[in-house]
Amino acid sequence: MKYEVVIVGGGPAGIFAALTLADLGIQNVVLLERGKDIGERNRLDADDMLCGWGGAGAYSDGKLTLSREVGGYLGEFLNTKAFYDLLNETDQVYVRHGAPDRLFGDISPAVEALAERASLAGLEYIPTRIRHIGTENCQAILARMHDSLTGKVDIRTGCAVQTILADGGKVKGVKLADGTVLESRFVIVAPGRSGAQWMKETAESLNIKTKTSPVDIGVRVELPATVLKEITDISYESKLIYYSKTFDDKVRTFCMNPYGEVVTEKIAGLVTVNGHSYATKKSDNTNFAILVSSSFTEPFDDPIAYGRYIAQLANLLGGGVIMQRLGDLLAGRRSTRERISKCLTRPTLPQATPGDLSFVFPYRHLLNIIEMLQAMEKLAPGVYSHQTLLYGVEVKFYSNRIEVTPDLETKIRNLFAIGDGAGITRGLLQSSASGILAARAVARRLNQ
Ligand SMILES: Cc1cc2nc3c(=O)[nH]c(=O)nc-3n(C[C@H](O)[C@H](O)[C@H](O)COP(=O)(O)OP(=O)(O)OC[C@H]3O[C@@H](n4cnc5c(N)ncnc54)[C@H](O)[C@@H]3O)c2cc1C
């Protein structure tokens, strides 16, 4: 079978590549997704959580972050104006498919005052404009995008690509897991973080250079929403950076979910923690991650193995995610069910095992996290309370960065690598934008 374009992966990056090709009138395009269609996915099934139509975006919190500093490296390929024009355009596609109108974090006197207060607390505040879709709306929006493509792009779910075929430095098509060969002039690969290992092996087999990315390790913090209300009302999500006193390490907040829920995540046999929030259903708590980046040089340069090791330790000791009151951690004792039952922060992940995170984290990470909480206390009294809950381990494995041109083309002609799986992006909006960028480059060549 011969196609003009094969897209591998039906996450935001692949979907936006397909939408763009369809808008530009490119025909004979197929999108191959190894998971299920959106309506058939089940969030509680570990296989469905990250795979299927919508990719990791389907059960995400749906925060669209319009920022150069957050969400990936796409800004390295474009000048500032072109970058923000592309992000705004991408954002508007979400709005046309049903994302809410409200944008948080526009520069205002309140945002500027927040940045000043943060700096007095020794924290750098990164102003970010955010549109919040909410988990329950993500699936509806992704389903509408599927409808927009009906009749324009051939969409095949349950269809895993095994090999990218190339000859003489030029892409030729793909081979599916069942052995079928699909010939194609162009291939856009968008396998996401769940396909990172496959992407790495594919790059190696095609002699495409890759670079390891650091691993981010830390905890999910949960506290009563009132503690951060003043801040989350202004900016929804505050991106705060802290350089720790003792180690001078960069420590940052990540993925803040006002009135949200803490959840478990299964990645490659590990149980880790994450968080999200709904647009309408509210809990009494806010959660966010505190993460510390770790990279290595020699003789060890395998940040993913290091992150896995720490997460495995938590799984070994707690049978999954461990939860601890900050007060217990500081007092040098484990949390127990009884102590948690006295905690004023009611856990939204009560299934987590009460335990002792000091058995899990290296001294360096634990101290970085504690110092960050102390700094945040100056910005929002109540953060460094003994009632604050910590869940571990939260770990972010980033895909190896694939070497690509500003059009996101690899050294194999007509083979493009986009989204989180190519290590170029780390969030919904930039991954979607990377799909637009690659699809436009493909369309330009097809129309030449
Ligand atoms: C719980 C959670 C909350 C999140 N919240 C946010 C948020 O609020 N804001 C934000 O910006 N980001 C958030 N993210 C991250 C966001 O979901 C990702 O950045 C985004 O989905 C990346 O898009 P992608 O298309 O590159 O990859 P993915 O969404 O991972 O999609 C890749 C797809 O490719 C498929 N695939 C892989 N290999 C193959 C193959 N060989 N053949 C065929 N198909 C294949 C996979 O099955 C998958 O469906 C969240 C993620 C999670 C898990």
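Counting restarts for each chain, with residues numbered from 1 along the sequence as it is written. Only residues with pLDDT of at least 70 are given local features in this predicted model, and only at 80 or more are side-chain atom pairs given and counted; all residues enter the totals for whole chains, interfaces and linings.

1. A closer look at the overall build of the protein chain
Then, in step 1: Each helix is a run of DSSP H or I of at least 4 residues and each strand a run of E of at least 2, with the numbering of both proceeding from the N terminus. The helix and strand inventory of the protein chain stands at twelve helices and 21 strands.
Then, in step 2: Taking 22 Å as the expected radius of gyration for a compact globule of 448 residues, we find that the protein chain reaches 22 Å, a close match to that expectation.
Then, in step 3: By its C-alpha atoms, the protein chain is 65 × 45 × 40 Å across when sized along the principal axes.
Then, in step 4: To sort residues by exposure, count the other C-beta atoms lying within 10 Å of each residue's C-beta; 20 or more gives buried, 12 or fewer gives exposed, and values between give partly exposed, all with C-beta atoms placed from the backbone. Across the 448 residues that make up the protein chain, the buried fraction comes to 51%.
Then, in step 5: Residue pairs are scored as contacts if the distance between their C-beta atoms, which are placed from the backbone, is within 7 Å. Relative to all contacts within the protein chain whose residues are 6 or more apart in sequence, the contacts with residues 24 or more apart total 74%. In this setup the radius of gyration rests on C-alpha atoms only. A globule is expected at 2.2 Å times the number of residues raised to 0.38.

2. What to know about the sheet that holds strand β17 (residues 322-325)
Then, in step 1: Whether two strands pair comes down to DSSP finding at least two bridges between them. Within the open sheet, the eight strands sit side by side as β4-β12-β13-β16-β11-β19-β17-β18. Their pairing is mixed. With partners counted over all chains shown, the strands left at the sheet margins are β4 (124-126) and β18 (353-354), one partner each.
Then, in step 2: Note: strand β11 (residues 215-224) against strand β16 (residues 285-294), ten bridges, orientation antiparallel. Counted as the bridge partner of Gly 218 is Leu 291 from β16.
Then, in step 3: Axis angles are defined between N-to-C directions and span 0 to 180 degrees, where every axis is a line fitted to C-alpha atoms and, for a helix, only to the segment in contact. Helix α11 (residues 363-379) contacts β11, β12 (239-243), β13 (250-257) and β16 of the sheet and is inclined by roughly 135 degrees relative to β16.

3. Side note on the environment of Asp 37
Then, in step 1: Residue placement: Asp 37 occurs in the loop between β2 (29-32) and α2 (46-50).
Then, in step 2: In this structure Asp 37 comes out as partly exposed when scored by C-beta crowding, with 16 C-beta atoms within 10 Å.
Then, in step 3: The spatial distance from the C-alpha of Asp 37 to the C-alpha of Asp 48 is 9.7 Å, given a sequence separation of eleven residues.
Then, in step 4: When residues no more than four places from it in sequence are discounted, the contact partners of Asp 37 are Gly 52, Trp 53 and Thr 157.

4. A short note on the nonpolar core
Then, in step 1: In this usage, the nonpolar core is the set of buried Ala, Val, Leu, Ile, Met, Phe, Trp, Tyr and Cys residues whose C-beta atoms join them within 7 Å. In terms of nonpolar packing, the biggest core is built from 76 residues, with Ile 7, Ala 17, Val 187, Ile 188 and Ile 418 touching the most fellow members.
Then, in step 2: It is helix α12 (residues 428-446) that contributes the most residues to this core, eight residues altogether.
Then, in step 3: Ile 418 has contacts with Ala 13, Ala 17, Ile 188, Ala 190, Leu 408, Ile 424, Ser 434, Gly 435 and Ala 438, leaving out every residue within four places of it along the chain.
Then, in step 4: Counting residues in hydrophobic clusters, the runner-up holds 55 residues, among them Ala 118, Val 251, Val 292 and Ala 375.

5. Remarks on the site of the ligand
Then, in step 1: Each residue receives a C-beta atom placed from its backbone. It is near a molecule or strand if this atom lies within 6 Å of it. Around the ligand sit 43 residues in total, of which Gly 11, Gly 55, Gly 192, Gly 195 and Gly 419 are the nearest.
Then, in step 2: Mapped by element, the contributors of at least two residues to the shell around the ligand are α1 (12-23), β3 (63-66), β15 (270-276) and α12.
Then, in step 3: Just so you know the grouping, Ala, Val, Leu, Ile, Met, Phe, Trp, Tyr, Cys and Pro go in nonpolar, Asp, Glu, Lys and Arg go in charged, and all remaining residues, Gly too, go in polar. Looking at the shell around the ligand residue by residue, the classes come out as 15 nonpolar, 21 polar and seven charged.

6. Regarding the domain arrangement of the protein chain
How large an interface is tends to be reported as the accessible area lost when its parts come together.
Then, in step 1: Domain boundaries shown here were taken from an automatic or database domain assignment. Entries for the protein chain in the domain assignment read domain 1 (2-106 + 129-211 + 400-446) and domain 2 (215-396).
Then, in step 2: Taking only C-alpha atoms, the centre of domain 1 and the centre of domain 2 are 30 Å apart.
Then, in step 3: Domain 1 puts 15 residues into the contact, and the matching count from domain 2 is twelve residues.
Then, in step 4: Of all the elements in the fold, those that place two or more residues in the side of domain 1 that touches domain 2 are α2, β5 (129-132) and α5 (135-149).
Then, in step 5: Per-class residue counts for the side of domain 1 that touches domain 2 are six nonpolar, six polar and three charged.

7. Describing the pairing of strand β19 (residues 389-396)
Side chains on a regular strand alternate between the two faces of the sheet.
Then, in step 1: Burial of β19 is extensive: eight of the eight residues sit out of reach of the surface.
Then, in step 2: Sheet topology note: the β11/β19 ladder contains six bridges and is antiparallel. When the sheet's bridge partners are listed, Gly 218 is paired in β19 with Glu 394.
Then, in step 3: Looking at chain direction, β17 and β19 are connected through four bridges and run antiparallel. Across the sheet, the residue bridging to Arg 325 is Leu 389, located in β19.

8. Observations regarding the packing of α1 against α5
Then, in step 1: Interaxial distance between α1 and α5 falls to 10 Å at its minimum, and their mutual angle equals 35 degrees. You can see that α1 and α5 cross each other, and the crossing is left-handed. The residues of α5 that touch α1, namely those facing Ile 15, Ala 18, Leu 19 and Ala 22, are Met 145, Ser 148 and Leu 149.
Then, in step 2: Partitioned by chemical class, the residues of the contact of α1 with α5 number six nonpolar, one polar and no charged. Crossings are assigned a handedness: left-handed for a near helix turned anticlockwise from the far helix by less than a right angle, right-handed for a clockwise turn.

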